[in-house]
Amino acid sequence: MKKLLQLSLAVSALFAAGAHAEELSGTLKKIKDSGVIVVGHRDSSIPFSYLDNQKPIGYSMDLANKIVENVKKELKLPNLQVRYNLVTSQTRIPLVQNGTVDFECGSTTNNLERQKQVSFSVGMFEIGTRLLTKKTSGVKDFADLSGKNVVTTAGTTSERLIKSMNAEKKLDMNIISAKDHGESFLMLESGRAVAFMMDDALLAGEMAKAKKPDDWVIVGKPQSYEIYGCMLRKDDPQFKKVIDDALKAAFKSAEMNSIYKRWFESPIPPKGLNMKFPMSQELKELLANPTDKSAEQM
Amino acid sequence: MNYNWDWRVFFKPTGIGNEIYLDWFVTGLGWTIALALSAWVIALLLGSLLGVMRTLPGRYAARIAGAYVELFRNVPLLVQLFVWYFIVPDWLPEPLEDWFKQDLHPAISAFISVTICLGLFTAARVCEQVRTGIQALPRGQAMAAYALGLSLPQVYRQVLLPQAFRIIIPPLTSEFLNVFKNSSVASLIGLMELLAQTKQTAEFTANLFEAFTLATLIYFTLNMGLMLFMRWVEKRVRVPGLIALGGK
Amino acid sequence: MIRFSQVNKWYDREHHVLKHISLEVKAGEVVVVCGPSGSGKSTLIRTINQLEPVEEGEIWIGDVQVNNPRTNINRVRENVGFVFQHFNLYPHLSVLENITLAPMQVKKLSRAAAEERAIALLIKVGLAHKKDAYPANLSGGQQQRVAIARGLAMEPKVMLFDEPTSALDPEMIGEVLKVMQDLAESGMTMMVVTHEMGFAREVADRVLFLDHGEILEDTTPEAFFTNPQHDRARQFLKQVLAPMHG
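About the cut-offs
- Residues numbered from 1 in each chain as written.
- Chains lettered and ligands numbered in written order.
- Predicted model: local features only at pLDDT ≥ 70, side-chain atom pairs only at ≥ 80, totals over all residues.
- Heavy atoms only, no water.
- Contact = heavy atoms within 4.5 Å.
- Buried area = accessible area lost by both parts, 1.4 Å probe.
- Salt bridge = Lys/Arg side-chain N within 4 Å of Asp/Glu carboxyl O.
- Pairing = 2+ DSSP bridges.
- Helix = DSSP H or I, 4+ residues; strand = E, 2+ residues; numbered from the N terminus.
- Polar contact = N/O pair within 3.5 Å; in protein donor to acceptor, adjacent residues only side chain to side chain.
- Nonpolar A, V, L, I, M, F, W, Y, C, P; charged D, E, K, R; others polar.
- Domains from an automatic or database assignment.
- Disulfide = S-S within 2.5 Å.
- Buried < 20%, exposed > 50% of the residue type's maximum accessible area, 1.4 Å probe, protein only.

Caption draft 1: Inspection of the interface of chain B and chain C at higher detail. Contact with chain B, which involves 23 residues of that partner, is made by 26 residues of chain C. A combined buried area of about 2,000 Å² lies between chain B and chain C, and 64% of that area is made up of carbon and sulfur atoms. When residues of chain B are sorted by the area they lose upon contact with chain C, M143, A147 and L148 of chain B head the list and together hold 30% of the total. Along the contact surface separating chain B from chain C lie 0 salt bridges.

Listed below in structure tokens is the structure:
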């Protein structure tokens, strides 16, 4: 009898403790239970998320680390184990959905189609889609591309934009869809295309890698703006709040400018290239007014 | 896994012209078939020639064909494609190079590169099959033909090759199917064949599983169709007792 | 018609398979070559149409030296029919096509002419009704008769037979030997490697006995069977004749 009483006391004490904190659910519960958080990263999205000596680094990875710190704090798990999982543009959505990675920070555009499959954090970067061309090519804007070969990277918003522009305005461009940004630039460099349409930040990266960066120039009025965000599973408000809070706090902090400068205006590994890509007005506004909407929703 | 399935996605407008996503798959399939068939013609002709060379009595022909096989079989297909697409055009005389890179429609120049690349790659594999087929024939077959006064080309054309090809139809079938599968490397140099269209649909719609499921079904149906066709060919040319002879 | 003069042949430069062979076969003669296995008799007959090259000596057919590099060996072979132990019919061709192939390819005969000749030969070997069959559907004896017809279709001056009945079931040997006997009686020059001593006795004009690459006996059948000169020939005869009496 005495034993039974002791047991019931213990049980009620347990319940009381549980009711105290908010009940954990979704990804946070999974992380707490397993003691591991899995971060999805890219291998060559310079300077956002790429590998240097097998280690994922970049602008987005710095922000991902802020998120991990906040998860540790929320779960009171200072020794939370962090695992990095490489994703590609094709695997990133399913790997988030099936739980292989808990969230992904790379260079993923927040758009309506993807919102049907996954949830996005507040935006952390904003780009405009523009053109990279040789200084001597005579191309100043999209109108000059009529009848010419233009390269873009397969599966990007730029590909869709330029193909629909070509169909609507009957520009008679020949559009090449290369497999990645490196190959797109190779097509441009080898003379198969006169211009390379892509996110301006990525164009700056390719330009920095070129043998003679001064030969190249980014031109044209942006055809669209796109907001990059981190991806997580849908319908997981607890985890999304931890991620958004971490990003918002980072955006407000003085450290944000140094993170930006570190990746976009200083020499970066592995080769010490400098993107020389100052912060755009659009990004400044985005960081001042965080939103998880896609650019098309704004 | 909380994935949102939506099979109607194939009938949705792509936002480019008046196309729906299904149109992309049709276009892609067309490129895939055109690529594979053109590459197969090259592979079969060149591969047979090389296969014969490997069995000729003289040393030189056999060595040249042997070196060809080593080179084309051991360098990864992707590397070969890269060479044919990015490096070889630079060796052309200037006006031809400019024409190939700039005046020719990019899809056509990519098509030419992939066809040559895939044709020469597969030729090395066909060569080995043809050689095996010829060497599987009893020595007496060639001897009987020589004894009647047939010349070397006649012996190959009339006696050895008709038998060798019948023996190797099954392995040739699998090479034929491989050409279709391997033609997907074209997506890596921007030729919008079936795989490229699938990836593009997946990226644009975020309905990745639907896109790849449809592509799988198309590849599967295509392969089944080709296999049935090859079985039919095999049956049509079958000669009583020939296969049993192969092992003697 | 066929003349060997001091012919020597080695395998792999070590194994001396034909030793100082000199012999002559006259037109219309039927010569049986016998000897234990490994004696070089198949090699000997194959050197005549150069299916086996020789290292030394001269081989002549008529006034053509066949082992002269300047001789077009294909033209020589047109005139020399060869029948193999394993028939070597072309399995992918019908009986008729097997016979017409060489006349059409080599002699550039029209299909009609080649088929006419083929059917006449098939009647001769008793297989006209099988002209559309494929080799795999024929018995061994029938295949060998087709192979003989195939050789004859080139209208050769000489017919060579390399153990033509060794791969046959016993009950089929007779039909093949009958065809060969008819051919001999028609005046064809023939060299036959065989163990069929009955055939040698009845049909051959001469018998050659080979052992270890040497011709030990070259004589009439009568003399060979009744009075062989060498021990090894006597031993050989004892072995091949024994089953016939037992």
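Caption draft 2: Layout of the sheet that holds strand β2 (residues 44–45) of chain A. Residue and element names in this part refer to chain A. In space, the 3 strands of this open sheet follow the order β2-β3-β4, with antiparallel pairing throughout. Both outer strands of the open sheet, β2 and β4 (55–57), are each paired with one neighbouring strand and no more. In this structure, strand β3 (residues 49–52) lies alongside β4, joined through 3 bridges in antiparallel fashion. Residue pairing across strands places Y50 opposite I57, the latter belonging to β4.

Caption draft 3: Highlighting the interface of chain B and chain A. Facing 35 residues of chain B, the contacting portion of chain A comprises 32 residues. At the boundary of chain B with chain A, total buried surface from both sides reaches about 2,900 Å², with 51% on carbon and sulfur atoms. Among the residues of chain B in contact with chain A, K101, E203 and F204 of chain B are the three that bury the most area, contributing 22% of the side total. Our enumeration of links across chain B and chain A arrives at 2 salt bridges. Between R92 of chain A and E203 of chain B there is a salt bridge whose closest N-O contact spans 3.7 Å. At the junction of chain B with chain A, the criterion picks out 12 residue pairs in polar contact (both at pLDDT 80 or more). Sorting the residues of the side of chain B that touches chain A by element identifies α3 (77–87), α4 (94–103), α5 (106–136), α9 (194–205) and α10 (208–237) of chain B as the ones contributing at least two each. Broken down by element, the residue count for the side of chain B that touches chain A peaks at 5 residues, all from α9 of chain B. Class assignment for the residues of the side of chain B that touches chain A results in 18 nonpolar, 13 polar and 4 charged.

Caption draft 4: Looking closely at the domain arrangement of chain A. All names here are of chain A. Each assigned domain of chain A is listed with its residue range as follows: domain 1 (24–124 + 229–297) and domain 2 (128–225). Of note, the centres of domain 1 and domain 2, computed from C-alpha atoms alone, are 27 Å apart. The interface is formed by 10 residues belonging to domain 1 together with 9 residues belonging to domain 2. The interface formed by domain 1 and domain 2 includes 1 salt bridge. With its nearest N and O atoms 3.9 Å apart, the salt bridge here joins R160 to E113.

Caption draft 5: Geometry of the state of the cysteines. Under the criterion given, the structure shown has 1 disulfide over all chains. Disulfide pairing is shown between C105 of chain A and C230 of chain A; the S-S distance is 2.0 Å. Handedness here is read from the sign of the S-S torsion; for C105 of chain A and C230 of chain A, about 95 degrees, the answer is right-handed. With a gap of 125 residues between them, C105 of chain A in the loop between β6 (103–104) and α5 (112–115) and C230 of chain A in the loop between β13 (225–228) and β14 (231–232) connect regions that are remote in the sequence. We classify C105 of chain A as buried; its relative accessible area is 0%. C230 of chain A sits in the buried class, given a relative accessible area of 0%. With no disulfide partner, C117 of chain B has as its closest neighbouring cysteine sulfur the one in C127 of chain B, 17 Å distant.

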